[in-house]
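Examining the three-dimensional arrangement
Chain residues, written in single-letter form:
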Amino acid sequence: MAIQPVIRLGDPRLLAVAEEVKNFNTAKLDQLIEDMFDTMYAENGAGLAAPQIGIGLRVVIFGFDTNTRYPDSGTVPKTILINPLIEALDENKQEGWEGCLSVPGMRGVVSRYSRIRYTGFDASGDTIDVTAEGFHARVVQHECDHLDGIIYTQRLVDPARFGFIEELQRAGCFNSNSS
């Protein structure tokens, strides 16, 4: 088990565009993915992108059966997604509260496509092609943004709907059952 430190907002590595993975089915890639899952589980995250642990590669992981940070989100399938591409399946978007392990203790409202198709590869280089909606689609879009140096704070709908969780709860804007 190798839990890695999650880099936080302000670290310039979070703003860099990650490089494509060229070699699949390697011990180094397998170790990166294992470290990412260990880190995500230790931090109680819904997903994690390699740049969040300082690795500039186009690798994201996500998935859980239940998550205390997002109690009403439902299940998101455990996925390793390498060199992803996302396609919106229609123009419908939905606003929702998001948080990020790189911006701890804060939440903000972001608009995301409701239905997407994502493609890419698993650790062996096998093709992945999935249609997702709702929270699953939101998680994929959030994590893939990290690969392009985009943090959810750059996509806020309204800066007045962003802040520390405790302050948002005190103001009645956010409750622990909000995504």
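Described in the following lines is the structure provided in the data block. Computed from a prediction, not measured in an experiment: that's the story for all the values here.

Some words on the overall build of the protein chain
Scanning the protein chain from N- to C-terminus turns up three helices and eight strands. What you see in the protein chain, going N to C, is helices and strands ordered as α-β-β-β-β-β-β-β-α-β-α. In summary, the protein chain has a C-alpha radius of gyration of 16 Å against a globular reference of 16 Å for 179 residues, a match within 12%. Principal axes of the C-alpha set define a box for the protein chain whose edges measure 50 × 35 × 30 Å. For the protein chain, long-range pairs separated by at least 24 residues make up 66% of all intrachain contacts whose partners lie at least 6 apart in sequence. Carbon and sulfur atoms make up 48% of the accessible area of the protein chain, which totals about 8900 Å². In the protein chain, the 16 positive side-chain charges and the 25 negative ones have mean positions that sit 4 Å from each other.

Remarks on the pairing of strand β3 (residues 76-88)
Direction of pairing for strand β2 (residues 59-64) relative to β3: antiparallel, over a ladder of five bridges. Across the sheet, Val 59 pairs through a bridge with Ile 82, a residue of β3. Pairing analysis gives five bridges linking β3 to strand β6 (residues 115-121), with the strands arranged antiparallel. Within β6, the position partnered with Ile 86 by the bridge is Tyr 118.

Overview of helix α1 (residues 27-42)
The end-to-end C-alpha distance of α1 is 22 Å, a good match for the 22 Å that 16 residues give at a rise of 1.5 Å each. Turning to α1, its buried residues are Leu 29, Leu 32, Ile 33, Asp 35, Met 36, Phe 37, Asp 38, Thr 39 and Met 40. Elements in contact with the buried residues of α1: β1 (47-49), β2 and β3. Immediately downstream of α1, the backbone of Asn 44 shows phi near 60°, a positive value.

Some details on the nonpolar core
Ranked by size, the top nonpolar core spans 19 residues in total, and within it Val 60, Phe 62, Leu 81, Ile 116, Tyr 118, Phe 135 and Val 140 carry the most contacts. Secondary structure elements with two or more residues in this core: β2, β3, β6, β7 (127-133) and α2 (134-147). Among the elements that line this core, the one with the most residues is α2, at six residues. Counting 16 residues, the second largest nonpolar core, distinct from the first, contains Val 6, Val 21, Ala 50 and Ile 53.

Regarding the side chain of Arg 107
By the element assignment, Arg 107 lies in strand β5 (residues 103-113). Glu 166 provides the closest opposite charge to the buried, unpaired Arg 107, separated from it by 9.0 Å.

Some words on the packing of aromatic side chains
Under the counting rule described, the total for this entry stands at seven aromatic pairs. On the basis of an interplanar angle of 70° and a centroid distance of 5.2 Å, the ring pair of Trp 97 and Phe 174 is categorised as edge-to-face. Residue Trp 97 is found in strand β4 (residues 93-100), and its partner Phe 174 is found in the segment after α3 (165-170); the two are separated by 77 residues along the sequence. In terms of burial, Trp 97 and Phe 174 fall into one category: buried. Here the aromatic rings of Tyr 152 and Phe 162 are separated by 6.3 Å at their centres, their planes lie at 70°, and the arrangement is edge-to-face. Of this pair, Tyr 152 sits in the loop between α2 and β8 (162-164) while Phe 162 sits in strand β8; the two residues are 10 residues apart in sequence, bridging distant segments of the chain. Accessibility expressed as a relative area gives 1% for Tyr 152, which makes it buried. For Phe 162, a relative accessible area of 25% corresponds to the partly exposed category. Seen from the ring of Phe 37, Lys 78 lies directly overhead, with NZ or CZ sitting 4.7 Å from the centre. The ring of Tyr 113 carries the charged tip of Lys 93 above its face, separated from the ring centre by 4.7 Å.

What counts as what
Residues numbered from 1 in each chain as written. Predicted model: local features only at pLDDT ≥ 70, side-chain atom pairs only at ≥ 80, totals over all residues. Heavy atoms only, no water. Helix = DSSP H or I, 4+ residues; strand = E, 2+ residues; numbered from the N terminus. Rg over C-alpha atoms; globule rule 2.2 N^0.38 Å. Contact = heavy atoms within 4.5 Å. Areas by Shrake-Rupley, 256 points an atom, 1.4 Å probe, with all protein chains shown as cover. Lys, Arg positive; Asp, Glu negative; His and termini not counted. Charge placed at Lys NZ, Arg CZ, Asp CG, Glu CD. Pairing = 2+ DSSP bridges. Expected span 1.5 Å × (residues − 1). Buried < 20%, exposed > 50% of the residue type's maximum accessible area, 1.4 Å probe, protein only. Core = buried A, V, L, I, M, F, W, Y, C linked by side-chain atoms within 4.5 Å. Salt bridge = Lys/Arg side-chain N within 4 Å of Asp/Glu carboxyl O. Phe/Tyr/Trp six-rings, centres within 6.5 Å; stacked < 30°, edge-to-face > 60°. Lys NZ or Arg CZ within 6 Å of the ring centre and 35° of its normal.

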